[in-house]
Amino acid sequence: MKFAKMQGAGNDYVYVNGFKETVEHPARLAMEISDRHFGIGSDGLILILPSTVADVKMRMFNADGSEAEMCGNGIRCVAKFAYERGLVASREIAVETGAGILTLQLFTDDFNRVERVRVNMGRPRLTRGEIPMTGNPDEQVVGVELQILDRTFHITCASMGNPHCVIFVDNVAEFPVAKYGPAIETHPLFPNRTNVEFVEILSRHEVRQRTWERGAGETLACGTGASAVTVAAVLGGHTERRILNHLGGGDLEMEWAENGEIYMTGPAVQVFEGDYDPR
Ligand SMILES: N[C@H](CCC[C@H](N)C(=O)O)C(=O)O
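A brief report on the enclosed structure follows. Please read all numbers here as calculations on a predicted model, not as lab measurements.

## Structural notes on the site of the ligand
Step number 1: Taken together, 16 residues form the shell around the ligand, and within it Asn11, Tyr13, Gly72, Glu213 and Thr224 come nearest.
Step number 2: Contacts to the ligand include Asn162, whose side-chain N or O atom sits 2.9 Å from an oxygen atom.
Step number 3: Glu213 is positioned such that a nitrogen or oxygen atom in its side chain is 2.7 Å from a nitrogen atom of the ligand.
Step number 4: Spatially, the ligand is embedded in the largest cavity.
Step number 5: For the shell around the ligand, the secondary-structure elements that each account for two or more residues are β2 (11-17), β4 (56-62), α2 (72-84) and α4 (223-235).
Step number 6: The class makeup of the residues in the shell around the ligand is 6 nonpolar, 8 polar and 2 charged.
Step number 7: In this structure, the shell around the ligand is formed jointly by two domains, domain 1 (2-122 + 266-275) and domain 2 (144-260), each of which donates at least three residues.

Right, here's the structure in full:
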């Protein structure tokens, strides 16, 4: 099976061209190839597939084999993959995802290679866990107090098609993400589990984020997470609507525009291509 290894701000996935390859058991393959010793090594698997409603369709599987509705760093690399392999011809494309059809703008270098991508991530779904609040998209998110292990956390839940809960902390570099992340990921409030973002406010225009991802553990970056962080930071009065988010593997430019849509701009990099023999 041919694959491309790509990363967006250090969030790395194995990408397979579903126009040419058939993957019978993607969940099992995701677990196999994500292993950083016995496999290729990645945060998961992303399939680029034909679509009847958009230019291409994306399916994303975490390292534990669970399928997610959307992947922000992944969709930027899907755009690069599709453009550079001629699956799409335009620098403005639409991608079918589990979170809906999203539109992307591709920015290329002098050799027509995609370097950065701007994604309209859509509108946040403001919820408490998986329980939609009133369904009123303009409803202010009231943070939820959760007792986790030995601490009480004030969390803000904002879904981007996939579930996120955002927690503001004083010193994110020192925060014990591996202790509290899994306990929140599997909290009963989240029947489908959740991604967890720990965020330090650096100024009204900058934040620093670490992420415990559902199905993958701590990753170097999370694009849907950065979108949820932008919503929580604005609603909490911590930042302006345009912020620079510093993540472990790189920076993402975020904006929760006045029209309610969230825009994320960031890098898309191909690391290598290869052949893999599924077990
Ligand atoms: N672990 C996530 C999917 C990957 C999201 C992340 N890598 C991103 O860039 O948005 C979930 O289960 O919802």
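## Quick word on the packing of aromatic side chains
Step number 1: Evaluated as defined, the whole model comprises 5 aromatic pairs.
Step number 2: Judged by centre distance (5.1 Å) and plane angle (75°), the ring pair of Phe153 and Tyr180 falls under edge-to-face. One end of the pair, Phe153, is in strand β12 (residues 151-159); the other, Tyr180, is in helix α3 (residues 177-185), and 27 residues separate them in sequence. In this pair, the class of Phe153 matches that of Tyr180, namely buried.
Step number 3: Taken together, the aromatic side chains of Phe153, Phe175, Tyr180 and Phe198 make up a single cluster linked through ring pairs.
Step number 4: The ring of Phe81 is capped by Arg85, whose NZ or CZ atom sits 3.9 Å from the centre of that ring.
Step number 5: Directly above the aromatic system of Trp256 lies the positively charged group of Arg241, at a separation of 4.8 Å from the ring centroid.

## What about the pattern of salt bridges?
Step number 1: In this structure the tally under the stated criterion is 18 salt bridges.
Step number 2: Its salt-bridge partner being Asp275, residue Lys2 comes within 3.2 Å of it at the nearest N-O pair. A residue pair is termed long-range when its members are at least 10 positions apart, and Lys2 in strand β1 (residues 2-8) and Asp275 in strand β20 (residues 269-275) qualify at 273 residues. In this pair, the class of Lys2 matches that of Asp275, namely exposed.
Step number 3: Between Arg193 and Glu185 there is a salt bridge whose closest N-O contact spans 3.0 Å.
Step number 4: Where salt bridges share partners, they join Lys5, Asp12, Arg36 and Asp43 into one cluster.

## Considerations on the layout of surface pockets
Step number 1: When its volume is computed, the largest pocket comes out at roughly 200 Å³.
Step number 2: Forming the boundary of the largest pocket are 13 residues, of which Lys2, Asn17, Phe81, Arg85 and Glu273 lie nearest the centre.
Step number 3: Elements with a minimum of two residues in the lining of the largest pocket: β1, β2 and β20.
Step number 4: Tallied by class, the residues present in the lining of the largest pocket amount to 5 nonpolar, 2 polar and 6 charged.

## Topic: the pairing of strand β13 (residues 164-168)
Step number 1: Judged by how many residues are buried, β13 sits mostly within the fold: 4 of 5 residues are covered.
Step number 2: Note that β12 and β13 share 2 bridges and pair antiparallel. Across the sheet, residue Cys157 finds its bridge partner in β13, namely Cys165.
Step number 3: Where β12 folds back onto β13 in an antiparallel hairpin, the turn is made up of 4 residues, including Gly161, whose phi is positive at roughly 100°.
Step number 4: With 5 bridges joining them, β13 and strand β14 (residues 195-201) adopt parallel strand pairing. When the sheet's bridge partners are listed, His164 is paired in β14 with Asn195.
Step number 5: A crossover links β13 with its parallel partner β14, the connecting element being α3, and its sense is right-handed.

Definitions and cut-offs
Residues numbered from 1 in each chain as written. Predicted model: local features only at pLDDT ≥ 70, side-chain atom pairs only at ≥ 80, totals over all residues. Heavy atoms only, no water. Near = heavy atom within 4 Å. Polar contact = N/O pair within 3.5 Å; in protein donor to acceptor, adjacent residues only side chain to side chain. 1 Å grid on protein atoms, 1.4 Å probe; cavity = no way out; pocket = protein on both sides within 12 Å on 5 of 7 lines; lining within 4 Å. Sits in = over half its atoms within 2 Å of the grid points. Helix = DSSP H or I, 4+ residues; strand = E, 2+ residues; numbered from the N terminus. Nonpolar A, V, L, I, M, F, W, Y, C, P; charged D, E, K, R; others polar. Domains from an automatic or database assignment. Phe/Tyr/Trp six-rings, centres within 6.5 Å; stacked < 30°, edge-to-face > 60°. Buried < 20%, exposed > 50% of the residue type's maximum accessible area, 1.4 Å probe, protein only. Lys NZ or Arg CZ within 6 Å of the ring centre and 35° of its normal. Salt bridge = Lys/Arg side-chain N within 4 Å of Asp/Glu carboxyl O. Points joined across faces, edges and corners; volume = space filled by probe spheres on them. Pairing = 2+ DSSP bridges. Right-handed = clockwise from strand over helix to strand, strands pointing away.

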